[in-house]
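Below, each chain spelled out in residue letters.
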Protein chains: 2
Amino acid sequence: MTARTPDSARDIPEATVARLPVYLRALTGLAESGTTTCSSEELAATAGVNSAKLRKDLSYLGSYGTRGVGYDVEYLRYQIAREIGVTQDWPVVIVGIGNLGHALANYSGFRSRGFRVVALLDADPDRHEEVVAGLDVRSFEDLESIVADNAVSIGVIATPAVAAQSVADRMVAAGITSILNFAPTVLSVPDGVDVRKVDLSIELQILAYHEQRKSVAPGAEVVS
Amino acid sequence: MTARTPDSARDIPEATVARLPVYLRALTGLAESGTTTCSSEELAATAGVNSAKLRKDLSYLGSYGTRGVGYDVEYLRYQIAREIGVTQDWPVVIVGIGNLGHALANYSGFRSRGFRVVALLDADPDRHEEVVAGLDVRSFEDLESIVADNAVSIGVIATPAVAAQSVADRMVAAGITSILNFAPTVLSVPDGVDVRKVDLSIELQILAYHEQRKSVAPGAEVVS
DNA sequence: AGGAGTTTGTGAACGGGAGAACAAAACGAG
DNA sequence: CTCGTTTTGTTCTCCCGTTCACAAACTCCT
């Protein structure tokens, strides 16, 4: 009864958006193994989620399945890719070419999903002679021109923590509106700019918390 | 009125656990800048959260503040560190010493928070001659003995996706009960084993989704 | 000592997401 | 063509997490 725009469903829940890339990867795996059709149960198992949750997630995109049959793998894969936006090409700049920046520049998972690293920038002049993943490491001063010339809207920060906020400020001023931050700092950015944070030590600390609980109360959940 | 064990509060919500490391980092920063006392408002601003949420989070640990005054930075920092478990030493093994494994091995944020990398393992014999971050890269076959000798309970997987599940299986069999997975795969592990996933391309895809929405409907939220 | 001003800790309302359960729809057999 | 089977799409309920709002408690000033 709700009037929904057929070509592009509105307001997909954030939790669902975070899972769509997982479904996309699972579908790609199924397609590579020759599967042409799958049920929500199979796909959910591959993606590591509940089948009811999967179906509800997919229902936000539209009705792309066939009752009694399941989903066409290739068709659903394309629909999810289109919804996320990875059918188009996303130019990306990486700032901070230390150990982590190297790893990110060489990560094949970016290019295969529509992300194209157009430039590697570092503030240290000693690094400007290096060539990483087929790209020259350039001066951070070139940020504005690179962003403008390549219509870059996504920036990756892999600098030390102290530099991260100023890099973010320059990125925002240059026109970047989405930032993936690997530096262990809280970034403050204006409204309209999205920031996602990946913090390696926080993940370990969360594991440590649960690990500690396991050893303190070993019989709390598991009957010995 | 609820009878709460005073020394160690029970069942801290998962969302709170995920934020405690952020508070810990913020407190460390405040301590280094010479601040001895702070209000929930200040700390919340530093940590990038709402002050009400911060107070509720801290209330799960106990009453470590003083009304009308605020929190003692050093005291609160210690209490949170103890609750998370980073006052003790956590031995960690890293498997897969490619670009990302290098970056992780060299990441200083681990050691400074109680995590000690005790071994770097790789299946490729060509890498066994390398020394990374002061540690020999050893054979993956040594996993079991290393885990046993060092009482390792946390493992980090930085291998390609195809190897991740078998590495995880070996880790679990060797006695590891917490896994931080950087490989782009869904791991299946038995109950009692915690897995946290860090997926670089998923983060970018989430950003791409929102970025796409911005350009498609620029006036949807912001009044022009 | 008493009152004004601050700041914490928490009870209560609110919103969103997860999971169960079921109706609707497609297919195939007879 | 009809009935049974399979699987999707959706509704409903419950639970977790967030936020508001306020009482309790502490300090400082007079």
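Predicted model only: the values in this text are computed from it and were never measured.

Conventions adopted
- Residues numbered from 1 in each chain as written.
- Chains lettered and ligands numbered in written order.
- Predicted model: local features only at pLDDT ≥ 70, side-chain atom pairs only at ≥ 80, totals over all residues.
- Heavy atoms only, no water.
- Contact = heavy atoms within 4.5 Å.
- Buried area = accessible area lost by both parts, 1.4 Å probe.
- Salt bridge = Lys/Arg side-chain N within 4 Å of Asp/Glu carboxyl O.
- Polar contact = N/O pair within 3.5 Å; in protein donor to acceptor, adjacent residues only side chain to side chain.
- Helix = DSSP H or I, 4+ residues; strand = E, 2+ residues; numbered from the N terminus.
- Nonpolar A, V, L, I, M, F, W, Y, C, P; charged D, E, K, R; others polar.
- UniProt positions renumbered as here; feature names shortened; annotations may be inferred.
- Buried < 20%, exposed > 50% of the residue type's maximum accessible area, 1.4 Å probe, protein only.
- Near = heavy atom within 4 Å.
- Least-squares fit on C-alpha atoms with pLDDT ≥ 70 in both.

Visitor: Any chance you could explain the interface of chain A and chain B here in plain terms?
Guide: How big an interface is tends to be stated in terms of the accessible area lost upon association of its parts. The interface of chain A with chain B comprises 64 residues on the first partner and 63 residues on the second. At the boundary of chain A with chain B, total buried surface from both sides reaches about 5,600 Å², with 64% on carbon and sulfur atoms. The largest share of the area that chain A buries against chain B comes from A:Leu204, A:Gln205 and A:Leu207, three residues that together contribute 12% of it. On the surface where chain A and chain B come into contact, there are 6 salt bridges. Note that B:Arg25 is salt-bridged to A:Asp199, the shortest N-O span being 2.3 Å. Between chain A and chain B we count 22 residue pairs in polar contact (both at pLDDT 80 or more) in total. Counting residues per element, the side of chain A that touches chain B draws most heavily on helix H9 (residues 200-216) of chain A, which supplies 15 residues. Residue composition of the side of chain A that touches chain B, grouped by class: 33 nonpolar, 16 polar and 15 charged.

Visitor: Could you clarify how one ought to interpret the UniProt feature "DNA-binding region" (unreviewed entry) in chain A in this entry?
Guide: Taking the numbering used here, the UniProt-annotated feature "DNA-binding region" (unreviewed entry) corresponds to residues 22-61 of chain A. Across residues 22-61 of chain A, the secondary structure splits into 75% helix and 5% strand, with the terminal C-alpha atoms separated by 15 Å.

Visitor: Even after reading the chapter, I still don't get the side chain of B:Arg25, so can you show me in this structure?
Guide: Here B:Arg25 lies in helix H1 (residues 14-32). A residue is classified by how much of its surface remains accessible, and B:Arg25, at 17% relative accessible area, is buried. There is a polar contact of 2.3 Å between the side chain of B:Arg25 and the side chain of A:Asp199. Excluding residues within four positions of it along the chain, B:Arg25 makes contact with A:Pro184, A:Thr185, A:Asp199, A:Ser201, A:Ile202 and B:Arg113.

Visitor: When you look at the protein's contact with DNA strand C in this model, what are you seeing that I'm missing?
Guide: With respect to spatial proximity, 25 residues lie near DNA strand C, and among them A:Lys53, A:Lys56, A:Arg67, B:Ser40 and B:Tyr71 are the closest. Backbone atoms, meaning sugar plus phosphate, form 66% of the atoms of DNA strand C positioned within 4 Å of the protein. One nitrogen or oxygen atom from the main chain of B:Gly65 is found 2.9 Å from a phosphate oxygen belonging to DNA strand C. Between B:Gly68 and DNA strand C, the recorded distance is 3.1 Å, taken from a backbone N or O atom to a sugar or linking oxygen. Those elements that provide at least two residues to the surface near DNA strand C are helix H1 (14-32) and helix H3 (51-61) of chain A together with helix H3 (51-61), strand E2 (65-66) and strand E3 (70-72) of chain B. Tallied by class, the residues present in the surface near DNA strand C amount to 6 nonpolar, 10 polar and 9 charged.

Visitor: When you look at the protein's contact with DNA strand D in this model, what are you seeing that I'm missing?
Guide: As a structural note, the neighbourhood of DNA strand D is formed by 26 residues, with A:Ser40, A:Tyr71, B:Arg19, B:Lys53 and B:Arg67 the closest of them. Per the 4 Å cut-off to the protein, sugar and phosphate atoms form 65% of the nearby atoms of DNA strand D. Taking A:Arg67, its side chain carries an N or O atom lying 3.1 Å from a sugar or linking oxygen of DNA strand D. Side-chain polar atom of B:Lys56 to a base oxygen of DNA strand D: 3.4 Å apart, as the coordinates give it. Elements with a minimum of two residues in the surface near DNA strand D: H3, strand E2 (65-66) and strand E3 (70-72) of chain A together with H1 and H3 of chain B. Considered class by class, the residues forming the surface near DNA strand D number 6 nonpolar, 11 polar and 9 charged.

Visitor: Mind showing me how you'd approach the relation of the copies chain A and chain B here?
Guide: Turning one copy of the chain about an axis and sliding it along that axis gives the other copy, so a rotation and a shift relate them. When chain A is brought onto chain B, the operation consists of a screw motion whose angular component is 180° and whose axial shift is 0.0 Å, with 0.0 Å RMSD remaining. Such a combination of turn and shift is consistent with a two-fold rotation axis. Comparing interface residues between copies, 98% of those in chain A also lie at the interface in chain B; the contact surface is shared.

Visitor: Is there a simple way to explain the pattern of salt bridges in this structure?
Guide: If the charged atoms of two oppositely charged side chains come close together, the side chains can form a pair. Under the defined criterion, the tally for this structure stands at 22 salt bridges over all chains. As a salt-bridge pair, B:Glu203 and A:Arg196 come within 2.5 Å of each other at their nearest N and O atoms. Of this pair, B:Glu203 sits in helix H9 (residues 200-216) while A:Arg196 is found in strand E10 (residues 194-197), placing the two residues in two different chains. Owing to a relative accessible area of 15%, B:Glu203 belongs among the buried residues under this scheme. The exposure class assigned to A:Arg196 is partly exposed, which follows from its relative accessible area of 25%. Between B:Asp194 and A:Lys214 there is a salt bridge, and its shortest N-O distance comes to 3.4 Å. Residue B:Asp194 is found in strand E10 (residues 194-197), and its partner A:Lys214 is found in helix H9; the two belong to separate chains. A relative accessible area of 23% places A:Lys214 in the partly exposed class. A single network of salt bridges, built from pairs that share partners, joins A:Glu141, A:Glu144 and A:Arg170.

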